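# A structural walkthrough
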Amino acid sequence: KGLWAKPTKPSDAQYDYTFYGWGASDGGAADSTILQNITEDKTVYAIFTATVKYYTITYYDEDGTTVLKTESLAYGAMPSYKPTKTGYLVDGWTPAIARVTGDASYVVIWREGYKLDNHTWAEIANFSKNGQANLFTIGDTKEVKLANGAKALARLVGINHDYLADGSGKAGMTFLLQGFHCDTNQQWGSLQYGNEYQSWGECSIRNYNLPNTYTYALPTDIDNVKKTVTKKFWNAKTDVYETVEDTYFLPSLSELNYTQTGRTEEGTAYPWFVENGRIIKNGYDNVAVQYWTRTHAGSKKAYAVATDGTVNATSKGGTGCYAYFLVCI
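The sections below set out a description of the structure shown in this document. (Residues numbered from 1 in each chain as written. Predicted model: local features only at pLDDT ≥ 70, side-chain atom pairs only at ≥ 80, totals over all residues. Heavy atoms only, no water.)

A few words now on the overall build of the protein. Across its full length, the protein carries four helices and 17 strands. Of all 329 residues assigned to the protein, the portion counted as buried reaches 41%. In the protein, the share of contacts with a sequence separation of at least 24, taken over all contacts with a separation of at least 6, comes to 53%. By element, 47% of the accessible surface of the protein is carried by carbon and sulfur atoms, the whole surface being about 17,500 Å². (Helix = DSSP H or I, 4+ residues; strand = E, 2+ residues; numbered from the N terminus. Buried < 20%, exposed > 50% of the residue type's maximum accessible area, 1.4 Å probe, protein only. Contact = heavy atoms within 4.5 Å. Areas by Shrake-Rupley, 256 points an atom, 1.4 Å probe, with all protein chains shown as cover.)

Next up, the structure:
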């Protein structure tokens with residue numbers, strides 16, 4: 001009777017145990033025939049399968065009552081939730097985050113972050129140079145007043161991401177410059193991706209518009225602190241990778257959290273672009289592409305696909321196009 005009864009094994013903090021069968025050795029494999037045709041004394045062992053236990057982890061706002069998130073994590077996992085709050089950075093948790101050993105609750109500790117709009121570009125450059133870029137929040141913006149009186153937007157999209165051309169390390173802060181408009185028809189290439197006739201190293205908007213149109217249009221306080229970085233692009237004509245040094249540039253596809261099959265990508269994704277919805281597919285002459293932004297030549301349409309809720313440059317036919325590019329400080 002004892003052999004036929006299903007034994008149980010108490011759960012512990014890490015595992016739940018389920019009886020699987022009988023085996024010839026402790027911890028060995030179960031054998032479905034081991035209890036057949038018994039003709040003599042035999043020792044058998046209960047074999048159990050172990051299932052990792054999951055626990056409820058609850059994160060509270062600083063008031064200790066408002067739930068920010070609840071999730072189920074496996075025993076031994078390290079909680080990694082990072083809440084966001086405009087103008088603030090996470091300074092820690094009470095108690096300190098630890099690997100999961102049971103149900104747990106944590107209360108966030110906020111500290112006030114630095115706002116870009118409260119500082120000049122010279123001050124921002126000093127924060128970057130001194131390794132203090134983390135005082136600012138990814139996604140924070142600063143209004144940019146152009147020389148012609150128009151307004152654009154600089155958005156912090158990466159920290160310690162891009163390699164400086166002088167070999168001294170990485171630029172502390174990378175900004176997405178949004179809302180510029182080009183009054184001439186120029187073809188916009190991309191680091192890492194081009195067509196039969198265009199690559200980033202050769203495209204007309206890099207060689208003509210960026211140095212001449214946009215540079216003088218930017219206020220001198222940005223122009224004085226911008227950094228030159230080294231980037232890699234795929235040359236579609238030669239089918240090889242080349243490097244280029246630029247102060248204004250486009251990211252590679254992988255830096256936008258998109259991988260082009262069959263090509264080794266340049267760099268890792270900028271944090272701001274990792275968030276769902278930042279990169280979308282859109283059409284160019286009714287062809288699906290994965291560009292984060294597109295401009296046009298002639299009567300082609302321009303598509304801006306960096307969808308952040310505040311910038312929504314629509315397709316534009318005729319003369320001119322919208323421009324989005326990156327700059328390091």
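What follows picks up the thread again.
Evaluation of the coordinates by the stated rule reveals eleven aromatic pairs. A ring pair is formed by tyrosine 59 and tyrosine 81, whose centres lie 4.9 Å apart and whose planes are at 55 degrees; its orientation type is tilted. Placement of tyrosine 59 in strand S3 (residues 54–60) and of tyrosine 81 in the loop between strand S4 (67–74) and strand S5 (88–94) is noted, with a sequence separation of 22 residues between them. Note on tyrosine 59: relative accessible area 0%, which makes it buried. Exposure remark for tyrosine 81: the relative accessible area of 21% places this residue in the partly exposed category. (Phe/Tyr/Trp six-rings, centres within 6.5 Å; stacked < 30°, edge-to-face > 60°.)

For the structure on display, the rule yields six salt bridges. Taking the shortest distance from any N to any O, the salt bridge between lysine 85 and glutamate 62 comes out at 3.5 Å. Of this pair, lysine 85 sits in the loop between S4 and S5 while glutamate 62 is found in the loop between S3 and S4, placing the two residues 23 residues apart along the sequence. For lysine 85, a relative accessible area of 28% translates into the label partly exposed. In this structure, lysine 226 and aspartate 223 form a salt bridge, with 2.8 Å as the shortest nitrogen-oxygen distance. (Salt bridge = Lys/Arg side-chain N within 4 Å of Asp/Glu carboxyl O.)

Strand order in this open sheet of four strands is S4-S3-S6-S5, and the pairing throughout is mixed. In this open sheet, the two edge strands, each paired with only one partner strand, are S4 and S5. Between one strand and the next, the sheet's axes are offset by a mean angle of 30 degrees, whatever the strand orientation. Taken together, the seven bridges between S3 and S4 define a ladder with antiparallel strand orientation. Bridging across to S4, tyrosine 60 finds its partner in valine 67. (Pairing = 2+ DSSP bridges. Axes fitted to C-alpha atoms, helices over the stretch in contact; angles between N-to-C directions.)

If you look at the biggest cluster of nonpolar residues, it comprises 24 residues, and the most contacted ones within it are Trp121, Val144, Met173 and Phe175. Not counting the four nearest positions on each side in its chain, methionine 173 is found in contact with Leu116, Ile124, Ser128, Ala133, Phe136, Leu156, Gly158, Val327, Cys328 and Ile329. One finds Val157, Leu164, Leu176 and Phe273 within the second-largest nonpolar core, a separate group that totals eleven residues. (Core = buried A, V, L, I, M, F, W, Y, C linked by side-chain atoms within 4.5 Å.)

What follows is about the pairing of strand S6 (residues 104–112). As paired strands, S3 and S6 are joined by four bridges and run parallel to one another. The partner of threonine 58 across the bridge, within S6, is serine 105.

Before going further, it helps to examine the environment of valine 144. On the secondary structure map, valine 144 appears in strand S7 (residues 141–145). Relative accessible area serves as the criterion here: at 1%, valine 144 is assigned to the buried category. Between the alpha carbons of valine 144 and leucine 177 there is a distance of 8.7 Å; along the sequence they are 33 residues apart. Those residues in contact with valine 144 that lie beyond four places of it in its chain are Trp121, Ala150, Lys151, Ala152, Leu153, Ala154, Leu218, Pro219 and Ile222.

The complete set of buried residues in helix H1 (residues 121–129) reads Trp121, Ile124, Ala125, Phe127 and Ser128. Buried residues of H1, viewed axially, fall in a sector of 160 degrees; they line one side. Count one or two residues on from H1 and you reach glycine 131, which has phi positive near 75 degrees. (Arc of directions from axis to C-beta.)

With respect to the secondary-structure elements, arginine 99 resides in the loop between S5 and S6. Distance in space between the C-alpha atoms of arginine 99 and proline 79 is 6.8 Å, their sequence separation being 20 residues. Among all residues touching arginine 99, those that are not within four sequence positions of it are Gly76, Ala77, Met78 and Pro79. Within polar-contact distance, the side chain of arginine 99 engages the backbone oxygen of glycine 76 at 3.1 Å. (Polar contact = N/O pair within 3.5 Å; in protein donor to acceptor, adjacent residues only side chain to side chain.)

On the secondary structure map, lysine 6 appears in the segment before strand S1 (15–23). Expressed as a C-alpha distance, the spacing of lysine 6 and phenylalanine 19, which sit 13 residues apart in the sequence, is 6.9 Å.

The residue after threonine 94, namely proline 95, is reached through a cis peptide bond having omega -10 degrees. Positive phi outside glycine occurs at asparagine 37, with the angle close to 55 degrees. One can find asparagine 37 in the loop between S1 and strand S2 (45–52). The phi angle at asparagine 160 is positive, at roughly 50 degrees, despite the residue not being glycine.

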